[in-house]
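For reference, the chains in residue letters:
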Amino acid sequence: MTRVLLLGGTAEARELARLLHEDDRFEVLSSLAGRVADPRLPVGDTRIGGYGGPSGLASFLEDYDVLVDATHPFAATISRNAAEAAARAGVPLLALVRPPWSREPGDRWTVVPTVAAAAAELAGRAPARVLLTTGRQDVGEFAALDEHWFLIRVVDAPSGILPHRSVLLRDRGPYPLDSERALLRENDIDVLVTKNSGGDLVSAKLAAARELGLEVLVVDRPSRPEGVPTVPTAAAAYAYLLA
């Protein structure tokens, strides 16, 4: 039996956990960082919380045959720790990373390297109404932009300072195209700010912005550890682990 430690929190991780749980050739433990108060849990055994860095994760891996990093594409620290821990423990590492979104005809994208760069881009502009969807941990980057109005959509409420002119919308995808279009129209949004998370769960906002001719500030993905085998889907990860 192959013992798999699955670093999850994504829809792809939940799907892979299901595939492995249904196959008696595998024993899988899904591990969640605990950054969301009420996460969607996968089937099977689940662990919530950190490991104390690469050394702690390496020690935990002594009981496992393979490590799968299926965390969010922007969970750069976790991915670096996973690569270092796997190397220390001598355990194979597989990365499950959904493909990024690509620009389509009609898109008005401005691609920036970081959330801070997105805030800096907005800082030099005339007042605008902004839909901010970069996550609760990044809201503070926009706190000083008093000239803009923000609709901040998050799963859990941010703990830091909010922009002075802002409304907090706590919601969780998937978001249908009709509701995304209505959200943008009803709030007179001028600019959408998003990370390039990829996948279908929250991609309708991009299609709605395209239809309405709105600008989108797209935060590019951070670099990933080199030399790690990478697959784009849960099915591909399952096939890889069977090989």
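Residues numbered from 1 in each chain as written. Predicted model: local features only at pLDDT ≥ 70, side-chain atom pairs only at ≥ 80, totals over all residues. Heavy atoms only, no water.

This brings us to the sheet that holds strand β3 (residues 45-48). With respect to topology, 6 strands assemble into an open sheet ordered β3-β2-β1-β4-β5-β12, the strand pairing being parallel. What marks the edges here is a single partner per strand, and that holds for β3 and β12 (230-231). The sheet contact formed by strand β1 (residues 2-7) and strand β2 (residues 26-32) spans 6 bridges and is parallel. Across the sheet, residue Thr-2 finds its bridge partner in β2, namely Phe-26. Set on the sheet, helix α1 (residues 11-21) makes contact with β1, β2, β4 (66-69) and β5 (93-96); between it and β2 the angle comes to about 155°. Contacts from helix α7 (residues 234-242) reach β2, β4, β5 and β12 within the one sheet, and its direction differs from that of β5 by about 165°. (Pairing = 2+ DSSP bridges. Helix = DSSP H or I, 4+ residues; strand = E, 2+ residues; numbered from the N terminus. Contact = heavy atoms within 4.5 Å. Axes fitted to C-alpha atoms, helices over the stretch in contact; angles between N-to-C directions.)

As a further point, take the domain arrangement of the protein chain. Domain assignment breaks the protein chain into domain 1 (2-98 + 223-242) and domain 2 (109-219). Taking only C-alpha atoms into account, the centre of domain 1 sits 29 Å from that of domain 2. The interface of domain 1 with domain 2 comprises 10 residues on the first partner and 14 residues on the second. Taking both sides of the interface into account, the surface hidden between domain 1 and domain 2 amounts to around 890 Å²; carbon and sulfur atoms contribute 48%. Our enumeration of links across domain 1 and domain 2 arrives at 3 residue pairs in polar contact (both at pLDDT 80 or more). (Domains from an automatic or database assignment. Buried area = accessible area lost by both parts, 1.4 Å probe. Polar contact = N/O pair within 3.5 Å; in protein donor to acceptor, adjacent residues only side chain to side chain.)

Moving on to the packing of α1 against α7. The geometry of α1 relative to α7 is characterised by a closest axis approach of 8 Å and an angle of 40° between their N-to-C directions. Comparing the axis directions of α1 and α7 gives the class oblique. For the element pair α1 and α7, the recorded crossing hand is right-handed. Residues Glu-12, Glu-15, Leu-16, Leu-19 and Leu-20 of α1 pack against Ala-234, Ala-235, Ala-237, Tyr-238 and Leu-241 of α7. A breakdown of the residues in the contact of α1 with α7 according to their chemical character gives 8 nonpolar, no polar and 2 charged. (Parallel < 35°, antiparallel > 145°, perpendicular 65-115°, else oblique. Left-handed = near helix turned anticlockwise from the far one by under 90°. Nonpolar A, V, L, I, M, F, W, Y, C, P; charged D, E, K, R; others polar.)

As a further point, take the side chain of Asn-187. Here Asn-187 is to be found in the loop between α5 (177-186) and β10 (191-195). Setting aside chain neighbours within four positions, we find Asn-187 in contact with Arg-129, Trp-149 and Leu-151.

So, about the packing of aromatic side chains. In total, this model carries 4 aromatic pairs according to the counting rule given. For the ring pair Tyr-51 and Phe-60, a centre distance of 5.1 Å and an interplane angle of 65° mean the geometry is edge-to-face. Residue Tyr-51 is classed as buried on the basis of its relative accessible area, which comes to 18%. Seen from their ring centres, Phe-60 and Tyr-64 are 5.7 Å apart, and the 15° between their planes marks the pair as stacked. For Phe-60, a relative accessible area of 25% gives the class partly exposed. For Tyr-64, a relative accessible area of 14% gives the class buried. One aromatic cluster is present, built from ring pairs that chain together Tyr-51, Phe-60 and Tyr-64. Over the ring of Phe-60 we find Arg-47; its NZ or CZ atom is 5.1 Å from the centre of that ring. Geometry around Tyr-175 places Arg-153 over its ring, the cationic atom sitting 3.7 Å from the centre. (Phe/Tyr/Trp six-rings, centres within 6.5 Å; stacked < 30°, edge-to-face > 60°. Buried < 20%, exposed > 50% of the residue type's maximum accessible area, 1.4 Å probe, protein only. Lys NZ or Arg CZ within 6 Å of the ring centre and 35° of its normal.)

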